[in-house]
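# Observations on the three-dimensional arrangement
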Amino acid sequence: MSDSQQHQAIISQSKRWLEKVVIGLNFCPFAKKEFERQSIRYVIDSSASQKEALNTLIDELSLLDTRAEIETTLLIYEHAYQHFDDYLDWLAVASSLVEKSAYRGIYQVASFHPDYCFEGEELDDPANFTNRSPYPMLHILRESSLEKVLRLYPQPELIPQRNIDKARELGVNYLQNLLK
């Protein structure tokens, strides 16, 4: 399989996850509109080093600055950050870059990983599946868009708990099968 075919397979798998898990279970009530509009950009990052990954992140932030038709980007890590602890270290670096740069208040970074585990939770807690994905990913969100949809959505602060309750109701086996 060529790199191009492999990347297309990763993107297809990521889209299926968005459709079946994120949208299908309504973990993010705002994702469906952007998914249907095809305003989500999928970027496969095959970086071999953190420096390269930082450059990819900076390039993507710069691109979003010039392309208003792209609502959000998923940076998908093909090989890097497979271990959750390494991913958390990378997430801290990426978030710090956004927070300490001219992008503060413009973008924010959300996190997804195949082994996602909320701090203080058991690894097999179904709640972790609200942030589990087929590959390690960073989700770059436009803060202005997020603020707009949150103003229109009734009680957005209840979304995380609603998602946790739903995941626990569905159970680990159901969620694992859905993520495959």
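Our subject is the structure that appears above.
From a predicted model like this one, the values you see are computed outputs, not experimental measurements.

### Concerning the packing of helix H3 (residues 50-66) against helix H4 (residues 84-99)
The interhelical angle for the contact between H3 and H4, taken along N-to-C directions, is 40°, at an axis separation of 11 Å. Classified by the interaxial angle, the pair formed by H3 and H4 is oblique. Considering only the axes of H3 and H4, their crossing is right-handed. On H4, the residues touching Gln 50, Ala 53, Leu 54, Leu 57, Ile 58 and Leu 61 of H3 are Trp 90, Val 93, Ala 94, Leu 97 and Val 98.

### Re the layout of surface pockets
Its volume calculated, the largest pocket comes out at about 1000 Å³. Around the largest pocket, the lining comprises 36 residues; the ones closest to its centre are Cys 28, Phe 30, His 139, Leu 141 and Leu 146. Going through the elements one at a time, helix H1 (3-23), helix H2 (31-37), strand E2 (72-77), strand E3 (107-112), strand E4 (137-142), helix H5 (143-152) and helix H6 (159-170) are the ones with two or more residues in the lining of the largest pocket. The dominant element in the lining of the largest pocket, judged by the number of residues it contributes, is H5, at six residues.

### Some remarks on the packing of aromatic side chains
Any two aromatic rings considered together are summarised by their centre-to-centre distance and by the angle between their planes. The full count for this structure, using the stated rule, is nine aromatic pairs. Taking the centre distance of 5.2 Å and the plane angle of 10° together, the rings of Tyr 81 and Trp 90 count as stacked. Here Tyr 81 falls in the buried class, since its relative accessible area comes to 13%. Using a relative accessible area of 0% as the deciding quantity, one classes Trp 90 as buried.

### Some points on the pattern of salt bridges
Evaluated as defined, the whole model comprises seven salt bridges. Close ionic contact of Glu 69 with Arg 67 constitutes a salt bridge, the shortest N to O distance being 2.5 Å. On the basis of relative accessible area, Glu 69 is assigned to the partly exposed category, the value being 46%. The class of Arg 67 is partly exposed, set by a relative accessible area of 33%. Of the charged contacts, one joins Glu 99 and Arg 104 as a salt bridge, the two residues approaching to 3.7 Å between their closest N and O atoms. The partly exposed category is assigned to Glu 99, whose relative accessible area is 36%.

### Observations regarding unusual backbone geometry
One non-glycine residue with positive phi stands out, namely Asn 26, at about 60°. Residue position: Asn 26 is located in the loop between H1 and H2. Phi at Gln 38 is positive, roughly 60°, even though this residue is not glycine. Counting through the fold element by element, Gln 38 comes out in the loop between H2 and strand E1 (40-45). What makes Gln 38 exposed here is its relative accessible area of 71%.

### Looking at the sheet that holds E2
Taken together, the four strands give an open sheet; going across it, the order is E1-E2-E4-E3, and neighbouring strands pair in mixed fashion. The open sheet has two free edges, formed respectively by E1 and E3, since each of these has just one partner strand. Adjacent strand axes in the sheet meet at a mean angle of 20° when their direction is disregarded. Bridging between E2 and E4 involves five bridges; their strand directions are antiparallel. What sits directly across from Thr 72, in E4, is Leu 141. Helix-sheet contacts for H5 involve E3 and E4, and the interaxial angle to E4 is about 70°.

What counts and what doesn't
- Residues numbered from 1 in each chain as written.
- Predicted model: local features only at pLDDT ≥ 70, side-chain atom pairs only at ≥ 80, totals over all residues.
- Heavy atoms only, no water.
- Axes fitted to C-alpha atoms, helices over the stretch in contact; angles between N-to-C directions.
- Helix = DSSP H or I, 4+ residues; strand = E, 2+ residues; numbered from the N terminus.
- Parallel < 35°, antiparallel > 145°, perpendicular 65-115°, else oblique.
- Left-handed = near helix turned anticlockwise from the far one by under 90°.
- Contact = heavy atoms within 4.5 Å.
- 1 Å grid on protein atoms, 1.4 Å probe; cavity = no way out; pocket = protein on both sides within 12 Å on 5 of 7 lines; lining within 4 Å.
- Points joined across faces, edges and corners; volume = space filled by probe spheres on them.
- Phe/Tyr/Trp six-rings, centres within 6.5 Å; stacked < 30°, edge-to-face > 60°.
- Buried < 20%, exposed > 50% of the residue type's maximum accessible area, 1.4 Å probe, protein only.
- Salt bridge = Lys/Arg side-chain N within 4 Å of Asp/Glu carboxyl O.
- Pairing = 2+ DSSP bridges.

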